Amino acid sequence: MPANKLLCAVAERHHRSLAASREPAPLSLRQRLAGTGPLFGLTCSTASPATVELIGAAGYDYLVVDIEQICRTSVLADIVIAARHARIALLVRVVTTAQARQALGHAISGVVLSGMRDPAQAAAAVRDCRQAAQVQRVQEHACHAWLSFLGRSAGADELPLLVAAIEDAEGVACAAGIAAVEGIDILMEGTTALSHALRLPWQTRHPAVRAAGDAVRAAAREAGKQFCAQPQAPAELDAALEDDVRLFVLGDDRVISRRAMSGQLDRYRWRTC
């Protein structure tokens, strides 16, 4: 066989082996929400590609990264790539419209709109995010990056999820109106922020804070929207599951890492006492 034909045959076999070993494209977070069963996430405060890969390897379904903790756009791009490789959904928390546009310039699963206080604010945020997402989709179609990542045509159902974070008393009072806004997919209770807004700093299990969270959950249920809970104990998770809640944020990676490292140290230090 001529050398050039031999090389072509080897290249073809290599291409076929890669195609055969390629894993199917993972379901998007939106598609998984349309299914059944709980989805567990984590707040990633030490935002870096390595941390994202660790969280994905631990088995979480999604993570939430605060864009204000990312110093450069290139770091966000690296985090998006790491999340894709780890097959974990990525939600980016934003405060301003400019931050939302920056986040939506990447193939992320959704945006967490922090500090939602009234329906007008939520509607404006939805409008801005949809415009930014459409621009990004046009660009991705042009370079085929979006299609190759998803492994299928990008339809309207693949628009990023929009999560309204309710973090103060005004937002709680207007939770029903915010939940009714078309384009808002999920309501999230900002437990720690609510505790500060209610002048009960860090008392996340105070009855007033829990009552505010329950009001947000009820508003989401009445509007037929998803609710994202932040249980502080397993018993709270059980109660939320009974109320058909499916999205959970199980804490902050810094706190969990510190506790795990402290526990590991204590396992050995007690032997020296």
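Preceding this section is the structure that the text describes.
In this report, the structure presented in the accompanying data block is examined.

Parameters and conventions
- Residues numbered from 1 in each chain as written.
- Predicted model: local features only at pLDDT ≥ 70, side-chain atom pairs only at ≥ 80, totals over all residues.
- Heavy atoms only, no water.
- Pairing = 2+ DSSP bridges.
- Helix = DSSP H or I, 4+ residues; strand = E, 2+ residues; numbered from the N terminus.
- Axes fitted to C-alpha atoms, helices over the stretch in contact; angles between N-to-C directions.
- Contact = heavy atoms within 4.5 Å.
- 1 Å grid on protein atoms, 1.4 Å probe; cavity = no way out; pocket = protein on both sides within 12 Å on 5 of 7 lines; lining within 4 Å.
- Points joined across faces, edges and corners; volume = space filled by probe spheres on them.
- Nonpolar A, V, L, I, M, F, W, Y, C, P; charged D, E, K, R; others polar.
- Expected span 1.5 Å × (residues − 1).
- Polar contact = N/O pair within 3.5 Å; in protein donor to acceptor, adjacent residues only side chain to side chain.

### Topic: the sheet that holds strand E6 (residues 186-189)
Taking strand neighbours around the barrel as the criterion, the eight strands line up as E1-E2-E3-E4-E5-E6-E7-E8 in a closed arrangement whose pairing is parallel. Averaged over all adjacent pairs, the angle separating strand axes in this sheet is 25 degrees, with direction ignored. Here strand E5 (residues 161-166) pairs with E6 via four bridges, running parallel. Looking across to E6, one finds that Val-163 is bridged to Ile-186. The sheet contacts of helix H13 (residues 253-269) involve strand E1 (39-44) and strand E8 (247-252), and relative to E8 the element is tilted by about 55 degrees.

### Considerations on the layout of surface pockets
Looking at the largest pocket, its volume works out to about 1,100 Å³. Around the largest pocket, the lining comprises 32 residues; the ones closest to its centre are Thr-43, Thr-192, Gln-230, Gly-251 and Asp-252. Elements represented by at least two residues in the lining of the largest pocket include exactly E1, strand E2 (62-66), E6, helix H10 (191-197), helix H12 (234-242), E8 and H13. Here the residues of the lining of the largest pocket sort into 15 nonpolar, ten polar and seven charged.

### Section: H13
The end-to-end C-alpha distance of H13, which contains 17 residues, comes to 24 Å, matching closely the 24 Å that a straight helix rising 1.5 Å per residue would cover. Measuring from the backbone nitrogen of Arg-254 back to the side-chain oxygen at the start of H13 gives 2.7 Å, which picks out Asp-252 as the cap.

### Describing the side chain of Asp-168
Residue position: Asp-168 is located in the loop between E5 and helix H8 (169-173). Contacts of Asp-168, omitting those with residues within four sequence positions, involve Arg-117, Leu-194 and Ala-197.

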